[in-house]
Amino acid sequence: MTPAAAVSSRELPHPAREEIRLEPVLHALSDPMRLRIVRELAAETGELSCSHFDLPVTKSTTTHHFRVLREAGVIRQTYQGTAKMNGLRRADLDDLFPGLLDAVLTAATHEATRLA
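Residues numbered from 1 in each chain as written. Predicted model: local features only at pLDDT ≥ 70, side-chain atom pairs only at ≥ 80, totals over all residues. Heavy atoms only, no water.

Details of the pattern of salt bridges
Applying the stated criterion to the full structure yields 8 salt bridges. Here Arg 17 makes a salt bridge to Asp 95, at a shortest N to O gap of 3.3 Å. Residue Arg 17 is found in the loop between α1 (3-8) and α2 (22-29), and its partner Asp 95 is found in helix α5 (residues 90-96); the two are separated by 78 residues along the sequence. On the accessibility criterion, Arg 17 (33% relative accessible area) is partly exposed. A relative accessible area of 52% places Asp 95 in the exposed class. Among the ionic pairs, Asp 92 bridges to Arg 89, the shortest N-O distance being 2.9 Å. Take Asp 92 and Arg 89: they sit in the same class, and that class is buried. What you see here is one network of salt bridges that share partners, running through Arg 17, Arg 89, Asp 92 and Asp 95. (Salt bridge = Lys/Arg side-chain N within 4 Å of Asp/Glu carboxyl O. Helix = DSSP H or I, 4+ residues; strand = E, 2+ residues; numbered from the N terminus. Buried < 20%, exposed > 50% of the residue type's maximum accessible area, 1.4 Å probe, protein only.)

Right, here's the structure in full:
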């Protein structure tokens, strides 16, 4: 296997900006675990590795949540060495759906405070 083939086999599929649709984004944000991931990413300026997240679910379920977020266009995942890094696609989401992400994050913060 050539080095180029090894790199390309590790690239993950992401929707192009113009392919991101509201319904999959809303679906991705509707799950408490996925919303938790998005809240943590929104609180950071850079990317976070998958191992950074301490979710109360199995590893396979965590992988599923990241895949749903990536396929909806909410996050971008890249490999850096052996680590899978995650970044919020804030600019894309803000351009496509102005105010949506901020409204969801504000509501999630209020809910977390209310339920604490």
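A closer look at helix α3 (residues 32-42)
Looking only at α3, the buried set comprises Met 33, Arg 34, Leu 35, Ile 37, Val 38 and Leu 41. Buried residues belonging to α3 abut α2, β1 (48-49), α4 (59-72), β2 (75-80), β3 (83-88) and α6 (100-115). (Contact = heavy atoms within 4.5 Å.)

Some points on the packing of aromatic side chains
Evaluation of the coordinates by the stated rule reveals 1 aromatic pair. Judged by centre distance (5.4 Å) and plane angle (70°), the rings of Phe 53 and Phe 66 are edge-to-face. Linking Phe 53 in the loop between β1 and α4 with Phe 66 in helix α4, this pair joins segments that are 13 residues apart in sequence. Accessibility classification places Phe 53 together with Phe 66 in one group, the buried group. (Phe/Tyr/Trp six-rings, centres within 6.5 Å; stacked < 30°, edge-to-face > 60°.)

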